[in-house]
Amino acid sequence: MLKSKIQTTQNKLIRFVLDLQRRAHISKEHFELLNWLPVNSRVDHLTLYHVFKMKSGLSPQYMR
């Protein structure tokens with residue numbers, strides 16, 4: 001539920017930044033043009049980033 005609301009907000013930001021029409025379809029190319037990740041991909045990226053830091057011993061002690 002929260003992810004969909006955040007994704008909707010991100011889509012609105014893309015339309016604003018790229019000066020698209022209010023109801024324009026947001027495609028993968030728009031994300032690539034701005035070098036942004038969709039919300040689900042961003043969540044996955046952050047999760048994998050934290051796992052990598054934990055496995056590499058680069059995270060704070062409380063996260064290990």
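Structure report, in brief. (Residues numbered from 1 in each chain as written. Predicted model: local features only at pLDDT ≥ 70, side-chain atom pairs only at ≥ 80, totals over all residues. Heavy atoms only, no water.)

## A closer look at the overall build of the protein chain
Move 1: Counting secondary structure elements, the protein chain contains three helices and zero strands.
Move 2: The order of helices and strands in the protein chain, counted from the N terminus, is α-α-α.
Move 3: Scaling as 2.2 N^0.38, a compact globule of 64 residues should have a C-alpha radius of gyration of about 11 Å, whereas the protein chain reaches 16 Å, well beyond that.
Move 4: For the protein chain, the spread of C-alpha atoms along the three principal axes comes to 50 × 25 × 15 Å.
Move 5: When burial is assessed residue by residue, the protein chain has 20% of its 64 residues classed as buried.
Move 6: Considering only residue pairs separated by 6 or more positions, the protein chain has 29% of its internal contacts joining residues 24 or more positions apart.
Move 7: Counting 11 positive and 4 negative side-chain charges, the protein chain places the averaged centre of each group 12 Å from the other. (Helix = DSSP H or I, 4+ residues; strand = E, 2+ residues; numbered from the N terminus. Rg over C-alpha atoms; globule rule 2.2 N^0.38 Å. Buried < 20%, exposed > 50% of the residue type's maximum accessible area, 1.4 Å probe, protein only. Contact = heavy atoms within 4.5 Å. Lys, Arg positive; Asp, Glu negative; His and termini not counted. Charge placed at Lys NZ, Arg CZ, Asp CG, Glu CD.)

## Observations concerning the packing of helix α1 (residues 2–17) against helix α3 (residues 39–56)
Move 1: At a minimum axis distance of 9 Å, the contact between α1 and α3 shows a crossing angle of 115 degrees. Between α1 and α3, the angle falls in the class roughly perpendicular. Residues Lys3, Ile6, Gln7 and Gln10 of α1 lie in contact with α3, whose contacting residues are Val39, Asn40 and Val43.
Move 2: Looking at the contact of α1 with α3 residue by residue, the classes come out as three nonpolar, three polar and one charged. (Axes fitted to C-alpha atoms, helices over the stretch in contact; angles between N-to-C directions. Parallel < 35°, antiparallel > 145°, perpendicular 65-115°, else oblique. Nonpolar A, V, L, I, M, F, W, Y, C, P; charged D, E, K, R; others polar.)

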